[in-house]
Amino acid sequence: MERIQYAQLDEELFYEKLPNGLEVYILPKKGFNKTYATFTTKYGSIDNQFVPLGQSEYIKVPDGIAHFLEHKLFEKEDGDVFQQFSKQGASANAFTSFTRTAYLFSSTSKVEQNLETLIDFVQDPYFSEKTVEKEKGIIGQEIQMYDDNPDWRLYFGAIENLYHTHPVKIDIAGTIESISNITKDLLYECYHTFYHPSNMLLFIVGPISPENIINMIRDNQSKKPFKDQPEIKRFFEDEPETAAVREKTLPMNVQTPKCLVGIKSPFINQTGEEMLKTELSIQLLLDMLFSQSSKNYQNLYDEGLIDDSFSYDYTQEQSFGFSIIGGDTQDPERLQKEIKQILLKAKSGDNFTDGEFQSAIKKKIGTFLRALNSPEFIANQFTRYKFNEMDLFEVVPTLERLQFEDVKQIVNNFIDENRFTVFQVVPKSK
Amino acid sequence: MPDTLEEVILKNRGITFHFIKTDKFKTISLFLKLKAPLTKADATKRALLPYVLQSGTNTYSNSSALRKFLDDLYGATLFVDLQKKGEYHIISISMDVANEKFLNDRTPLLEKAIQLLSDVIFNPKTTQDGFDKEIVEKEKRTLKQRIRVVYDDKMRYANLRLVEEMCKDEPYSIHVNGILEDVDQINEKNLYEYYKSVLKEDQIDLYVVGDVDINQLQLICKQYFQFEDRTPKEIDKNLYRQSEKENVVIERQDVAQGKLNIGFRTNITYGDSDYFALQVYNGLFGGFPHSKLFINVREKASLAYYAASRIESHKGLMMVMTGIEPKNYDQALSIIKEQFQAMNNGEFSENELEQTKAVIQNQMLETLDTARGMTEVLYHNVLSNSKVPEEVWMEKIKQVTKEDVIQVGKKIVLDTIYFLTGQEG
């Protein structure tokens, strides 16, 4: 087991790659009551075209299947794993994102037992036609819940606008229609392709002894006969650089209009340090342009164009990336014009200064420290970073090394009107 | 050994300091809590006040200057919000600041944060007429928006409508963000008058959580937070309305999913001896994924994605919520009623009882892993005028018996069924 120390942060990370390819990370946290563990596969909603294990042709699977699989993995022949966890005093959960599916628990007692339950249930699928059919009703209600949620429709509507073909434009849960095509055999096919230990990462954080934990995991894994698996072949159609749809408006049962501006990132196929630098640079840019301390925020607020629902973020993965800016507004047309103008001015570096850049870095360092208070943040973000070959604990050193001129260069490449989109949710006219 | 929750309490005339020393966080958190009864007359002013306070001080004359100061303090945060805790209306002003021992730059940050918090409370931006008029007008606009926007989030809306219907004639029906129609009656003068009364009359508590030197901290806090003595106003706790029969409210809107929210009176509040049994009751009924509601409404009948219950500890309510296909209303309602009946008949095993207690204890311990969680747990004691240390809390949960849970069930009464559904059918 490798041991990595971060003296400045007073953290220590333990790492081991098991013979079957599983990567295990353990971060002891003294003083905490709870242990939090995530078991994550690098498999999300975008992985919808691939060569199934043992076959040679690409197949395309129904939208929403990764998420459906996540739900179904909790069900076993003898009942539901939620029950097992609560008997052991733990609470369990899972989530599916564009690129990952994570299974997790937190508990303040019986940690090793719960960890064993987590690993075993994820590595032992049980799908039957009957339970697959039953799940369609439950997920159908999950889909309808989101369909009625205007903020959800707004956010995913903006992403959908940005992409021509990339599956990030597809709803993570799919549609009632698409999930009706899911079968037990398809679930097994996805499972066997993507849930091999070599495609997964286990992260445990809490008041634990790394030695005991790793011994338990080694023991557990050595008993399971995993065969080496060839590299997974995923397929993505060609995606043009421009935004697919420049503007779209969705009338809904709301009283207040909502408006988002989306920017499609030109930075794809980055990993590691380069990706970390790009991601942080663009996040710093957005802080300089749109945080509550910025002149722009103050102006937009004073004009009554935004309120405390205003937000922004930037996410980058290997095959896609985007920024989303906006919120509730009385005047979506004016707000989108103002946001676009602020962005276009930033392209030439005209509306932000080195002084603002230094403040933004300080703020980001403090925000990162705060985030380390949260075991959930550490486990989930560490995994996301690792899947992109980045190191979460390199955030502060990378920030400290960033030069204003480099950031200006990245910003200049990032901003381009052809990659902008606008999505609005407006009240239905009576 | 779980980390125990210990606070050093220090009363300093009109304010009580609560210091919680722990080295598990990389930041230090401050929570200033102002407590007063929830009343129709004051609710809207009260909902506006903290937002005006954080918009500028006589030192940092506008929001962006103040936020700039926070950014340079390594991204210290300042956050205000309001809560209803039973029939109290609580203002919280929270700050969180990096512990400089984790930074290359070791300039102390905590005192600067405390100074700013004090500035926000005692030195808001004023003119001779009271608050800054422009700030008040802008924040009135945002407040109206904050009240209106609930309509757009149907889950929150259904929840709010249930409380409105169920507690019609009680202060508890007043919205946490106040009343839309009352916003325009507020101006920089009457809000300033209200602000002065808040400083004079509210019950005020300051929590500081982190790796702090308590001796030094109390000197700083005494210097920056000086309030006159007062006897805070208390509410009369025994204002339960007895419902004669179930109240059913059906509302139609353009929605795909129906929201079925059901309100029960528990007739038990925090500080009562059977409060712990109520926690267990709720845990068995709808608090967790192993509870009756989740198993029967979701897993067995496939009617819903979420089906849960929660309790309002200080008002004595238990709220059930689920999202269903509109046509499944009758089926979902009858399953929920059956499960309520099953609870009251004691149809749960000793195993389920133990499982639920374990999960509740786990949840409590997990809550103590965040500074906000610690504060909320401790603040229950302020709200209820009681003193239940966390170890006692854990012990009391452990002692709850099946019979205790059944006895609790006898006190719980279904009051109102609220259904938000689509326009057809």
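The structure presented is a predicted model; accordingly, all values stated were derived computationally and were not measured. (Residues numbered from 1 in each chain as written. Chains lettered and ligands numbered in written order. Predicted model: local features only at pLDDT ≥ 70, side-chain atom pairs only at ≥ 80, totals over all residues. Heavy atoms only, no water.)

Unusually for a residue other than glycine, Asn267(B) sits at a positive phi of about 60°. Assignment of secondary structure puts Asn267(B) in the loop between strand 10 (258-265) and helix 8 (275-287). (Helix = DSSP H or I, 4+ residues; strand = E, 2+ residues; numbered from the N terminus.)

Before going further, it helps to spend a moment on the packing of helix 3 (residues 110-122) of chain B against helix 7 (residues 214-224) of chain B. Residue and element names in this part refer to chain B. Two numbers describe how helix 3 lies on helix 7: the axes approach to 10 Å, and their chain directions differ by 25°. In terms of axis orientation, helix 3 runs roughly parallel to helix 7. When the axes of helix 3 and helix 7 are compared, the crossing they make is right-handed. Contacts from Leu110, Glu111, Ile114, Gln115, Ser118 and Phe122 of helix 3 reach helix 7 at Leu217, Ile220, Cys221 and Tyr224. A per-class count over the contact of helix 3 with helix 7 returns seven nonpolar, two polar and one charged. (Axes fitted to C-alpha atoms, helices over the stretch in contact; angles between N-to-C directions. Parallel < 35°, antiparallel > 145°, perpendicular 65-115°, else oblique. Left-handed = near helix turned anticlockwise from the far one by under 90°. Contact = heavy atoms within 4.5 Å. Nonpolar A, V, L, I, M, F, W, Y, C, P; charged D, E, K, R; others polar.)

Once that is clear, we can look at the interface of chain A and chain B. With 62 residues of chain A in contact, the opposing surface of chain B contributes 67 residues. Each partner contributes to the roughly 5,800 Å² buried at the junction of chain A and chain B, and carbon and sulfur atoms together form 46% of this total. The interface formed by chain A and chain B includes seven salt bridges. Here Asp308(A) and Arg146(B) are joined by a salt bridge, their closest N and O atoms 2.4 Å apart. The tally of links from chain A across to chain B stands at 45 residue pairs in polar contact (both at pLDDT 80 or more). Elements that contribute at least two residues to the side of chain A that touches chain B include exactly helix 2 (81-87), strand 10 (101-107), helix 4 (129-147), helix 10 (295-302) and helix 12 (354-371) of chain A. (Buried area = accessible area lost by both parts, 1.4 Å probe. Salt bridge = Lys/Arg side-chain N within 4 Å of Asp/Glu carboxyl O. Polar contact = N/O pair within 3.5 Å; in protein donor to acceptor, adjacent residues only side chain to side chain.)

Counting across every chain of the model gives 54 aromatic pairs over all chains. Centroid distance Phe290(A) to Phe310(A): 6.0 Å. Interplanar angle 50°. Geometry classified as tilted. Of the two residues, Phe290(A) sits in helix 9 (residues 272-290) while Phe310(A) sits in the loop between helix 10 and strand 14 (311-316), which places them 20 residues apart along the sequence. What makes Phe310(A) buried here is its relative accessible area of 11%. Ring geometry for Tyr314(A) against Phe414(A): centres 5.5 Å apart, planes inclined by 85°, an arrangement best described as edge-to-face. On the criterion of sequence distance, the pair formed by Tyr314(A) in strand 14 and Phe414(A) in helix 15 (residues 404-414) is long-range, its members being 100 residues apart. We note that Tyr314(A), like Phe414(A), is buried. Residue placement shows Lys402(B) over the ring face of Phe348(B); its charged tip is 5.3 Å from the ring centre. (Phe/Tyr/Trp six-rings, centres within 6.5 Å; stacked < 30°, edge-to-face > 60°. Buried < 20%, exposed > 50% of the residue type's maximum accessible area, 1.4 Å probe, protein only. Lys NZ or Arg CZ within 6 Å of the ring centre and 35° of its normal.)

Looking now at the domain arrangement of chain B. All names here are of chain B. By the assigned domains, chain B splits into domain 1 (6-224) and domain 2 (242-421). Taking the mean C-alpha position of each, domain 1 and domain 2 sit 30 Å from one another. With 37 residues of domain 1 at the interface, the matching set in domain 2 holds 35 residues. Buried surface at the junction of domain 1 and domain 2, both sides included, amounts to about 3,200 Å², of which 63% is carbon and sulfur. (Domains from an automatic or database assignment.)

So, about the nonpolar core. The biggest cluster of nonpolar side chains holds 126 residues, and the ones touching the most others in it are Phe203(A), Leu343(A), Ile93(B) and Phe225(B). Phe276(B), Ile335(B), Met374(B) and Tyr379(B) belong to the second largest nonpolar core, which has 65 residues in total. (Core = buried A, V, L, I, M, F, W, Y, C linked by side-chain atoms within 4.5 Å.)

Residue and element names in this part refer to chain A. Pairing is mixed across the open sheet formed by five strands, whose spatial order is 12-16-13-15-14. Each of the sheet's edge strands pairs with one partner strand only, and the pair in question is strand 12 (247-252) and strand 14. The mean angle between the axes of side-by-side strands here comes to 15°, regardless of whether they run parallel or antiparallel. In the sheet, strand 12 pairs with strand 16 (residues 420-427) via six bridges, with the strands oriented parallel. The residue of strand 16 that forms the bridge with lysine 248 is phenylalanine 423. Lying on the sheet, helix 9 is in contact with strand 14 and strand 15 (321-328); it crosses strand 14 at an angle near 170°. (Pairing = 2+ DSSP bridges.)

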